[in-house]
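Below, each chain spelled out in residue letters.
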Amino acid sequence: MAGWFARGRTSLVGRLIGTFLGQSRTIAGILVWIGLGVVLTILVLALLAPFIAPFDPNTKVASPELPPGGAFLMGTDRGGQDVLSRIIWGSRVPLAIIAVSTTISLALGLPLGLVSGFAGGRMDRGILLVMDSIYAFPGLLLAIAIAAVIGRGILNISFAIAVVYIPTYFRVIRNHVTSVKQEPYVEAAVALGMPRRRVIGRYILPNVAQSIPVIFSVNAADAVLTEAGLAVLGLGLPPGIPDWGFDISLNWQRFDVSWWATFFPGLFILILTTALTFVGEGLNDILNPLLRKREYKAGAQA
Amino acid sequence: MTEPLLEVRDLKVYFPVFSGFVQRLLGGGDARVHAVDGVTFSIAEGEVFGLVGESGCGKSTIAKTLVGLVRATSGRLLFRGEDVTRPDPKTLFRLRERIQLIYQDAHAALSPAMTVGEAIADVLRTHGLPGPSGNRVQTKSEDAIREAVYRTFDDVGLRPPAFYYNKYPDELSGGQKQRVVAARVLALRPQLIVADEPVAMLDMSVRARMLEFLMELKAKYHLTYLFITHDLATAKFMCDRIGIMYLGRIVEMGRASTIYADPKHPYTKALLEAIPIPDPERKTKKILPRGEVPNAVWPPAGCRFHPRCPAVLASCGWEGRDVIALLEERWLSPELAEREALAGPVKEWEADGLIARRQMGKTDPGPVYDLIRRILLESGGPMAGAVRKVSIEGTVVVVEFRPPDLLVPKEAEGRVVECLLY
């Protein structure tokens, strides 16, 4: 089983990376590089926060609402805490939430999409109905409702965001599967006596996998925004954990006096989501034309 | 006589036509595509049996039914005397080791995300390695599997095997891919190979080589082929016996040499006439069928070929919609369309089985009645001979046909033919 997985995965991930590297000099490729660069920088900031941040993010280090400059590059907030330090520490929250929530959505959305698309019929319609009803809900509203019920904490918030995104993975994968399963190579696999699980895992999954990185980056960008939104609304993490969204909610009423305490956290949310969107859009351009090109080639041969 | 390897008896495969909910309420829900509609044939061990026909005649559906991809609506399939019409999963799994498919499009039949070596290794992981006495030996040893894949590659002429093992289908030529597909099938050591247009997508230059290759495999592995093609020239080269299919039925079946020398069914004749002969001086009139293959949802009554048949008789199955087709064809000429405008437009006519009718409403049906009689007389031919009566029923003009004569396959000069001429 382990060997099976490793073989499937190396060839699959390798192929996707290969496709990307082949086009890394195009505009789409450059977008992806920029996006990845920014995200990695923020990741390094988050990991090295204890060494980089000049002050403790949770203690009063100076008088409140000092303008940017001097020892405090981004000024201090209402509580006299260093804004820069809070931003550096605060980058851990969105990244953690991205990691947890996308993992949950993918872990549920991908298999559901594969099974539903392959099985078709009543089961497909049943799962579709459930997924569509979730999807029909405005994402943030749904996340608010879930967060309000299950309470605060990184895991809880991630879960709330994950639920919102399961239908997206499901939809994209399921639709892709319904078209791939018509391919003669899938039929051939069935005719060769392959068990159903093997047909899905070895013949369908590798051919729908190019959708995953694209949804992943869009999902990640959205997760950052949703988390910030929840924090602004007071449904975020408990106080004491530095968080960009929480800082905005804390300081925005004093925007006319100390704009920096609201502006910089907002700016970083913008940078991170933009970077993730760059990755998503760029990958979309690179990986999906691959699909189109292959169809074109098959058509030309016929 | 020995038992045939495969026997197909009165096989019927219908596919439901998916219609909307409202349509189903209105009673249109029982529409079915009559893909295969009563086909009977058998294949002896070691034989090459060809199914020849235009696209859409049901030959690929038969192929899919044989490997259990499509379920038979009725009829029976016997493999070595064992009923495999509706096999349980275990029987089906074993059956698929004995009957295998070679596809038309080798490129599409291989997953683009899998190396061709893996494609075959995967089959061996599922079914085990072929054992010495026709049994199969399950193995977990990846080395043994790789060895077996190499041997199979070597058998089909992909040398050196190690070079091909890690290639993706994208990196191989059409002929090489067809060999990979053959290797994948041979890894199962099947007894019957259903080859569904195996060379149709190959270049002319590799086609002959590929056919020879299939014959080499046949000799080496004692295979039996069901060879499906639309190309009579290929069939002539390959097949011992052939069955000519038209719209879900076999219209003529017998030894290939007999049929090629002297075709009996008008459709077979037309197909043979259509083979191009590379001789610019040759000027013979070709008798080709008119029009197009009819819709298999509502196949024509009587002989399915009758609307297109150059030798059609009055008893072949004329029915209401043939009148409408006649009007349509006739009014392609502007003069006729103008002169006979009274009976038109075509969409006012409605066919119902043996009857064609036109609702006249408040208009006097008399002139249309006269006109349609004249048209039928003028166009003459077997269709006019099949008309029972033209009449006026209230405000409706009705053309009614006699039911067709019973059509059964008959023995005629060394072959089975399904035509009223014999």
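Residues numbered from 1 in each chain as written. Chains lettered and ligands numbered in written order. Predicted model: local features only at pLDDT ≥ 70, side-chain atom pairs only at ≥ 80, totals over all residues.

With respect to the pairing of strand β3 (residues 48–53) of chain B
Residues and elements named next belong to chain B.
And then number 1: Within β3, six of the six residues are buried, which leaves it mostly tucked inside the rest of the structure.
And then number 2: Burial of β3 is two-sided: the residues V48, G50 and V52 facing one way and the residues F49, L51 and G53 facing the other way are all buried.
And then number 3: Sheet analysis places β3 next to strand β10 (residues 224–229), joined by five bridges and oriented parallel. The residue bridging F49 from the neighbouring strand is L226, located in β10.
And then number 4: The pairing of β3 with strand β11 (residues 241–246) spans five bridges and is parallel. Looking at the pairing, L51 lines up with G243 of β11. (Buried ≥ 20, exposed ≤ 12 C-beta atoms within 10 Å, placed from the backbone. Helix = DSSP H or I, 4+ residues; strand = E, 2+ residues; numbered from the N terminus. Pairing = 2+ DSSP bridges.)

Regarding the sheet that holds strand β17 (residues 410–412) of chain B
All names here are of chain B.
And then number 1: Strands sit in the order β6-β9-β10-β3-β11-β12-β18-β17 across an open sheet of eight strands; the sheet is mixed. The outermost strands of the open sheet, each flanked by one partner alone, are β6 (99–102) and β17. Strand after strand, the sheet turns through a mean of 20 degrees between neighbouring axes, direction not considered.
And then number 2: In this sheet, β10 lies alongside strand β9 (residues 192–196) in parallel orientation, the contact comprising five bridges. By the bridge assignment for β10, L192 is matched with T224. (Axes fitted to C-alpha atoms, helices over the stretch in contact; angles between N-to-C directions.)

A few points about the interface of chain B and chain A
And then number 1: The partner chain A presents 21 residues to the 21 residues of chain B that form the contact.
And then number 2: Broken down by secondary-structure element, the contributors of at least two residues to the side of chain B that touches chain A are α3 (89–98) and α4 (116–127) of chain B.
And then number 3: Examining the composition of the side of chain B that touches chain A, we find that four residues originate from one element, α4(B), more than from any other.
And then number 4: Its residues assigned to classes, the side of chain B that touches chain A comprises 13 nonpolar, four polar and four charged. (Contact = placed C-beta atoms within 7 Å. Nonpolar A, V, L, I, M, F, W, Y, C, P; charged D, E, K, R; others polar.)

Points about the domain arrangement of chain B
And then number 1: Per the domain assignment, the segments of chain B are domain 1 (1–111 + 181–310 + 406–422), domain 2 (114–167) and domain 3 (318–401).
And then number 2: Between the C-alpha centres of domain 2 of chain B and domain 3 of chain B there is a distance of 65 Å. (Domains from an automatic or database assignment.)

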